[in-house]
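These are the residues of each chain, in order.
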Amino acid sequence: MSNWGMTNTDDQSIQYCFPNNNLSCSRSIRPEVEYIIVYIFVAVTSVFTVFLNLLVIISITHFKQLHTPTNVLIVSLAVADLISGLILLPVQGMKLIEPCWYFGEIFCSIFLLILYVVVTAALGNMIIISVDRYIAVNYPLRYPMKVSNNRAIVSIVINWLFSFIYIVYLLYEIILYPEKNHTCIGECIISFNLDNIILDSLVCLVIPCCIIIPLNVKICFVANYQAKHFNSVTDKKIKSEQKAARTLGIVVLVYLLCWMPYYLTSLSVGYIENDSLMINVMDWIVCMNSCMNPLIYAMFYRWFRLSAKYILTLKIFEPSSAHINIMQM
């Protein structure tokens, strides 16, 4: 909020982001304890997110047995989560407590671009993962012919390119002319009008839900049917696909639960600035999802726990460690 022309004699509690600049935004004074608690929480969460997603990426890229199309998609999701832990969580966490933006207009535009590209690409990964699991569960015998590592990589590249192009289109004027979106010096906001909110809600909420939810419902029905009819047959391949489908279904569900509050809040307001406390909290919830996915893998995937143990004990530096049968240990 701008407070041009206001002096300290008008209100002794008002301070400015840049005291020597007449166009500076004002800043409210918060208790020091509040700053310390929030910054510690943000730092711990960011480090934890980076650490867990590095474990996922190193595990899948190092062990040859984990080089499957599904795991290639998981790596793409982990990369998005890693970027979130390195950049988005720290900065978004700072915006929760710090009323001023001290990094300039250029980094503000870069940050907003990275924020929306990463979360959109992560959503695209969820759609691709749902399609992958649908094919694996419904057509287990034809899956190796339909899905390969190269096709998974192509789908990932297309997903990231689409996310970048879409966000540049959506934020074109805001990125090129950030000064038009700011009322004073020391803020980093986006003001979405109703048309942009509706477009973004369709592209990033309605359409993905119309794809993801029916696919995962179908996967659950087919997986249950197969479980009943293959109980007497020790088909490890089918059981493995069922477990992967359930695990990745949980990942998708958790992501949607983190994602939907942002759009529901945006639609309820109609016109919203992303510098408001409510939207900053919603953005933080979306970014927090980045540390949840590795925790889900740790709970449901034995190979992740074993590979993490190998990495943390530095056994991956042993000769031929990449060829260990991690799935059978």
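Keep in mind that this is a model prediction, so the values were computed, not measured. (Residues numbered from 1 in each chain as written. Predicted model: local features only at pLDDT ≥ 70, side-chain atom pairs only at ≥ 80, totals over all residues. Heavy atoms only, no water.)

Caption draft 1: The arrangement of the nonpolar core in detail. Grouped together as the largest cluster of nonpolar side chains are 74 residues, with contacts concentrated most on Tyr116, Trp259 and Tyr297. Top element by residues in this core is helix H3 (residues 104–138). It accounts for 14 residues. Sequence-distant contacts of Trp259, defined by excluding residues within four places in its chain, comprise Val119, Thr120, Leu123, Cys204, Leu205 and Val286. (Core = buried A, V, L, I, M, F, W, Y, C linked by side-chain atoms within 4.5 Å. Buried < 20%, exposed > 50% of the residue type's maximum accessible area, 1.4 Å probe, protein only. Helix = DSSP H or I, 4+ residues; strand = E, 2+ residues; numbered from the N terminus. Contact = heavy atoms within 4.5 Å.)

Caption draft 2: Summary view of the packing of aromatic side chains. All told, the structure shown has nine aromatic pairs when counted by the stated rule. Ring centres of Trp101 and Phe107 lie 5.9 Å apart, and the angle between their planes is 15°; this geometry places the pair in the stacked category. Residue Trp101 is classed as buried on the basis of its relative accessible area, which comes to 5%. Above the face of the Tyr139 ring, Lys146 is positioned so that its terminal group lies 5.9 Å from the ring centre. Residue placement shows Lys315 over the ring face of Tyr310; its charged tip is 5.6 Å from the ring centre. (Phe/Tyr/Trp six-rings, centres within 6.5 Å; stacked < 30°, edge-to-face > 60°. Lys NZ or Arg CZ within 6 Å of the ring centre and 35° of its normal.)

Caption draft 3: Spatial organisation of helix H2 (residues 69–97). Relative to the 42 Å expected for 29 residues at 1.5 Å per residue, H2 spans 41 Å between its end C-alpha atoms, a close match to the ideal helical length. The sharpest bend along H2 comes to roughly 45°, located at Gly85. Buried residues dominate H2, accounting for 23 of its 29 residues. (Expected span 1.5 Å × (residues − 1). Bend = angle between axes of the 7 residues up to and from the residue.)

Caption draft 4: Up close: H3. In this model H3 runs 51 Å from its N-terminal to its C-terminal C-alpha over 35 residues, within 8% of the 51 Å that 1.5 Å per residue would give. The element H3 is extensively covered by neighbouring structure, given that 25 of its 35 residues are classed as buried.

Spatial relationships are all this shows, so hold off on functional conclusions.
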